[in-house]
Amino acid sequence: MPRILPQVLRNLFRKPFTVKYPYVKVEPPEGYRGRLAINKERCIRCWLCIHTCPARAISVDKETKRPSIWLGRCTFCGECAEVCPTKAITMTKEFEYTTLYEK
Amino acid sequence: MMEVLSFFFNSLVFPGLLFASLIGLLYAGIDRKVTGHMQHRIGPPIWQEYLDVGKLMGKEDITPSAAQSLVFNVAPLIALGAVTTVMLLLPVNSAQPALTAVADLIVIIYLLNIPAICLMLGGYSSGGPFGSVGAARYVVQLFSYEFVFILAIIAVIARVGSLDLTAVVGYQAQRGWLILDLRLIPALIAMIISAQGKLMRVPFDIPEAETEIVHGALTEYSGPKLAIWRIVYNIETLVVAGFIAALFLGGPVAYTIGGFQIPGVADFLIKTLIIVLITTILRNIMARLRIDQALKFYWTFAAFLAVLSLMLVLVVP
Amino acid sequence: MTFVVPVGPQHPMLKEPEFFRFEVKGEEIVGVDIRLGYAHRGIEEALSRRSYKHNVYLCERICGICNVVHSTTYCQTVEQLAGVEPPERAKYIRAILMELERIHSHLLWLGVAAHQIGFNTLFMLAWRDREYVMDLRELISGGRVHSAMNTIGGVRRDVRSEHVPTMLRGLDKLEQSARYYTDLWGSDRTILARCTNVGVLSKDDAIKFCAVGPLARASDVKVDIRKDDPYGAYGALSFNVITEQEGDVWAKGMVRLREILESIKIVRQALKELPSGPVRTPVELKIPPNETVERTEAPRGELIYYIRSNGTDTPERVRVRTPTYGNFASMKSMFAGGTVAEIPIVMWSIDPCFGCNDRITLVDSHTGKARVVSFDELRRWKK
Ligand code: SF4
Ligand code: SF4
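All values reported here derive from a predicted model rather than from experimental measurement. (Residues numbered from 1 in each chain as written. Chains lettered and ligands numbered in written order. Predicted model: local features only at pLDDT ≥ 70, side-chain atom pairs only at ≥ 80, totals over all residues. Heavy atoms only, no water.)

**Here's the deal with the overall build of chain A**
Here is step 1 of the chain: Looking only at helices and strands, chain A features 3 helices and 4 strands.
Here is step 2 of the chain: Starting at the N terminus and ending at the C terminus, chain A contains elements arranged as α-β-α-β-β-α-β.
Here is step 3 of the chain: Since a compact globule built from 103 residues should have a radius of gyration of about 13 Å, the 21 Å found for chain A marks it as more spread out than a globular shape.
Here is step 4 of the chain: With the C-alpha coordinates aligned to their principal axes, the bounding extent of chain A is approximately 70 × 25 × 20 Å.
Here is step 5 of the chain: Taking the contacts inside chain A whose residues are at least 6 apart along the sequence as the reference set, 63% of them involve residues at least 24 apart. (Helix = DSSP H or I, 4+ residues; strand = E, 2+ residues; numbered from the N terminus. Rg over C-alpha atoms; globule rule 2.2 N^0.38 Å. Contact = heavy atoms within 4.5 Å.)

**Quick word on the site of ligand 1**
Here is step 1 of the chain: Looking at ligand 1, there are 13 residues lining it, with Cys53, Cys74, Thr75, Cys77 and Cys80 of chain A nearest.
Here is step 2 of the chain: The residue makeup of the shell around ligand 1, split by class, is 10 nonpolar, 2 polar and 1 charged. (Near = heavy atom within 4 Å. Nonpolar A, V, L, I, M, F, W, Y, C, P; charged D, E, K, R; others polar.)

**Section: the site of ligand 2**
Here is step 1 of the chain: The environment of ligand 2 is made up of Cys43, Ile44, Arg45, Cys46, Trp47, Cys49, Pro67, Cys84, Pro85, Thr86, Ala88 and Ile89 of chain A.
Here is step 2 of the chain: Taken together, the residues of the shell around ligand 2 break down into 10 nonpolar, 1 polar and 1 charged.

**Topic: the pairing of strand β2 (residues 19-25) of chain C**
Residue and element names in this part refer to chain C.
Here is step 1 of the chain: In terms of burial, β2 is a largely internal element, 5 of the 7 residues being buried.
Here is step 2 of the chain: When strand β1 (residues 2-7) meets β2, the two strands line up antiparallel, connected through 6 bridges. Following the sheet pairing, valine 7 is matched in β2 by phenylalanine 20.
Here is step 3 of the chain: Sheet analysis places β2 next to strand β3 (residues 28-35), joined by 7 bridges and oriented antiparallel. Pairing of phenylalanine 19 across the sheet is with arginine 35, part of β3. (Buried < 20%, exposed > 50% of the residue type's maximum accessible area, 1.4 Å probe, protein only. Pairing = 2+ DSSP bridges.)

**Brief notes about the confidence of the model for chain B**
Reading predicted coordinates in detail is not appropriate for stretches of low pLDDT.
Here is step 1 of the chain: Here chain B averages 83 in pLDDT, while 97% of its residues score no lower than 70.
Here is step 2 of the chain: Predicted as a complex, the structure gets a pTM of 0.86 and an ipTM equal to 0.84. (pLDDT = per-residue confidence, 0-100.)

**A few points about the interface of chain C and chain A**
Here is step 1 of the chain: Contacts between chain C and chain A engage 30 residues on the former and 24 residues on the latter.
Here is step 2 of the chain: Carbon and sulfur atoms supply 46% of the area that chain C and chain A bury against each other, a total of about 2300 Å² over both sides.
Here is step 3 of the chain: It is His54, Arg128 and Arg156 of chain C in chain C that bury the most area against chain A; as a group they hold 22% of the surface buried on that side.
Here is step 4 of the chain: Summed over the shared surface of chain C and chain A, the number is 4 salt bridges.
Here is step 5 of the chain: In this structure, arginine 156 of chain C engages glutamate 79 of chain A in a salt bridge whose closest nitrogen and oxygen atoms are separated by 3.9 Å.
Here is step 6 of the chain: Put simply, chain C and chain A have 14 residue pairs in polar contact (both at pLDDT 80 or more) between them.
Here is step 7 of the chain: Only α2 (52-60), α5 (120-141) and α6 (163-187) of chain C provide two or more residues apiece to the side of chain C that touches chain A.
Here is step 8 of the chain: When residues of the side of chain C that touches chain A are assigned to their parent elements, the largest contribution, 9 residues, is made by α5 of chain C. (Buried area = accessible area lost by both parts, 1.4 Å probe. Salt bridge = Lys/Arg side-chain N within 4 Å of Asp/Glu carboxyl O. Polar contact = N/O pair within 3.5 Å; in protein donor to acceptor, adjacent residues only side chain to side chain.)

**As for unusual backbone geometry**
Here is step 1 of the chain: Even without being glycine, histidine 40 of chain B reaches a positive phi, approximately 65°.
Here is step 2 of the chain: The buried category is assigned to histidine 40 of chain B, whose relative accessible area is 8%.
Here is step 3 of the chain: Positive phi, normally seen in glycine, also occurs at alanine 148 of chain C, with a value near 50°.

**Regarding the interface of chain C and chain B**
By convention, interface size is frequently given as the accessible area that disappears when the constituent parts associate.
Here is step 1 of the chain: Between chain C and chain B, the residue contacts involve 29 residues of the former and 23 residues of the latter.
Here is step 2 of the chain: Summing both partners gives a buried area of about 2200 Å² for chain C against chain B, and 60% of it is carried by carbon and sulfur.
Here is step 3 of the chain: Along the contact surface separating chain C from chain B lie 0 salt bridges.
Here is step 4 of the chain: For the pair chain C and chain B, the interface holds 7 residue pairs in polar contact (both at pLDDT 80 or more).
Here is step 5 of the chain: For the side of chain C that touches chain B, the secondary structure elements donating two or more residues are β1, α4 (88-116), α5 and α7 (189-195) of chain C.
Here is step 6 of the chain: Here the side of chain C that touches chain B is composed, by residue class, of 16 nonpolar, 8 polar and 5 charged.

**Remarks on the pattern of salt bridges**
All names here are of chain A.
Here is step 1 of the chain: Tallying each qualifying case throughout the model produces 43 salt bridges over all chains.
Here is step 2 of the chain: When the shortest N-O distance is used, the salt bridge between lysine 93 and glutamate 27 registers 3.0 Å. Of this pair, lysine 93 sits in the segment after β4 (89-91) while glutamate 27 sits in the loop between α1 (5-12) and β1 (36-38), and the two are 66 residues apart along the sequence.
Here is step 3 of the chain: Assessed through its relative accessible area of 28%, lysine 93 is described here as partly exposed.

**Let's talk about the environment of alanine 303 of chain B**
Residue and element names in this part refer to chain B.
Here is step 1 of the chain: Looking at the element boundaries, alanine 303 is found in helix α12 (residues 291-315).
Here is step 2 of the chain: Assessed through its relative accessible area of 6%, alanine 303 is described here as buried.
Here is step 3 of the chain: Residues alanine 303 and alanine 187 lie 116 residues apart in sequence; the distance between their C-alpha atoms is 9.2 Å.
Here is step 4 of the chain: Setting aside residues up to four positions removed in sequence, alanine 303 forms contacts with Phe147, Val148, Leu151 and Tyr298.

**Things to note about helix α12 (residues 323-335) of chain C**
Residue and element names in this part refer to chain C.
Here is step 1 of the chain: Under the 1.5 Å per step criterion, the end-to-end length of α12 is 19 Å for 13 residues, consistent within 8% with the ideal 18 Å.
Here is step 2 of the chain: Along its length, α12 reaches its greatest deviation from straightness, about 40°, at alanine 329.
Here is step 3 of the chain: Restricting attention to buried positions, one finds in α12 the residues Pro323, Thr324, Gly326, Asn327, Phe328, Ser330, Met331, Ser333, Met334 and Phe335.
Here is step 4 of the chain: Following α12 by one or two positions, glycine 337 has its phi on the positive side, about 75°. (Expected span 1.5 Å × (residues − 1). Bend = angle between axes of the 7 residues up to and from the residue.)

**Some details on the nonpolar core**
Soluble globular proteins tend to pack their nonpolar side chains together in the buried interior.
Here is step 1 of the chain: Core analysis: the biggest nonpolar cluster contains 222 residues, and Phe243, Leu247 and Phe248 of chain B together with Phe22, Tyr74 and Leu100 of chain C have the highest contact counts within it.
Here is step 2 of the chain: Per element, the largest residue contribution to this core is 17 residues, and it comes from helix α10 (residues 223-248) of chain B.
Here is step 3 of the chain: Sequence-distant contacts of leucine 100 of chain C, defined by excluding residues within four places in its chain, comprise Val133, Leu136, Arg137, Ile140, Met167, Leu171 and Val267 of chain C.
Here is step 4 of the chain: Of all hydrophobic cores here, the second largest spans 12 residues; its members include Leu36, Cys80, Ala81 and Ile89 of chain A. (Core = buried A, V, L, I, M, F, W, Y, C linked by side-chain atoms within 4.5 Å.)

Here it is, written out as structure tokens:
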């Protein structure tokens, strides 16, 4: 008899392992490297984040004269959040940043 | 006039094309759903197969330029005709099939082979290497399972003493189902094994092994033609299940429970569903065999079971 | 009549673009022609244009599955060039991450191998259990796939003590399922039928073609960089080098499955003996001209990094020899005399990672001729 049969029949009566994702949210653990948030007030414009970003994803926003992150290039490494002297950049736990448009 | 009308009704609506394809697609959906749960995931909704076929129907009809287009285009239609005809010859609502012409088991066996032959033709004529390999594999597979399939049927014929499917069902109505006859159990097992090969399910999905030869003979098919192949395949599943049900499980029986007349077709659906679910379980607990291993398996183990059953029927009173 | 079965660049069997041209007589393979280079991304060139620190993240992206081992090897090489030693605790954390990666890579291998032989239930179940190890990686590094943990001179995050119980619980679950799969792989009749005596690589061939990693170990060649040339914390951790005698696909699977159990043991030990202290030493990244080579044991085998520095903060040349590249040579001998049905599982048995293998390289046609395809030729040929 095939060895996997008991497992297969048991699975038939168990709740599926799959999480119904868009309806059921999964909370990422503490310290998850998600979307970056910039606190514009705290930024002292030292540009350390721009120099440290390995993906060259941070540029200076023309209007506000503050760094702005191009999420399309960002690799979510977290270097910028680590290096920022005033903790103006932080990593949130948000991971739903799929979009149809480049932002 | 009445006869012509009822013929058209039979072949197009019940138990012909419409009924068979609706139920066939539903069974395919159930099969996929149950498979999903067996693999500890959710699986597609039960009506997924309707959506898939509907989507394919609405697509552009493409014939590859390398294909021999007549054979390539006609193959799915002939296959569809053949399986629908078998549906008419099967006892679906009562022991009497819809088409009461004199057609016995031999005809059904032949008709059941037509989709296979069409598949090979389609594969060879598609002009792609995967189609040819798939068709070549299916030829080998046909020669492996068909022998066992026929031997198992012969065991039943020897037991009942008639070549007529109606007679087989009638016999079971009087003397009990053939599955209860211990001598025929090996034949039933052999039959299910060969059905697994006929329906190209794991471990015998060799002719359409996805990771090896993409989709075998059907690789070049797309759009409506592929949709027809899907319908053919699903009706074939239903037909083979119905055939096994008629041979071993007593065919459709009408019951009366508490004054309600339950038609034989309900019984037919339950029995065929059980058989389809057995094949579903089988396909989820094994890996695919190689073609030479499948050939060996059929000609040794499965053939042995069928012959054993035949011997028992002939020797043991 | 022989005809050609093209496998790739797009084929359901391949997860990445690469081209294999099989000459087939009926079902039997009579010739094979391997052409690589479809996934060329120019990473080595890019590596020599960025600073050492930025390169960590680029190296991590050479391969998604074995990202930690790539960045670790890179960091180790640069550390050696710069003459710094990462703290002990960092070494242990790197070892934990690399072993988690090995577990996840091998489970992934098992799933895809099962799919290649048509065993979809095992595929789904193996990938279900892989989810546990992904969760553990997410817990300590903050990312499911790319850990972004390594930096030159140590690691960027510490393993917090409150995570240890969760980790141990996850490891227990993993051990349970790994044992189940080992048992299944060794006993299921259809798996045995498909995998034994298929794609055999004899011990002599394995040595001759310089096979690395699980592929070599399945042919009874005892090579494991973790033992032969201990790096990081591996000198202090105790584990066995798994080998099998047969050299067929089954043995390759068995080696991997048993390595999962071994890796679980290593992670447990590393968590228990985790030394205290800092996780990172500061480094001055202006490295005088020098060159060095570092090797590690990736899930797929020996991974080699060579870096030449030139006194600036960018390396002059980085060369990466990925394990898959080392294993391609053995492939022809494994295919010889096989059947079409064996192609997927034999190919997958080396656990190929074409993405990290992005080189324009030799074409070894069945006539025995070997030549190098130029990029132009390749482009024309693709059309
Ligand atoms: S997370 Fe990394 S890649 Fe993204 S903006 Fe910050 S430094 Fe750049
Ligand atoms: S490192 Fe922080 S403070 Fe400096 S520019 Fe970036 S966000 Fe502003």
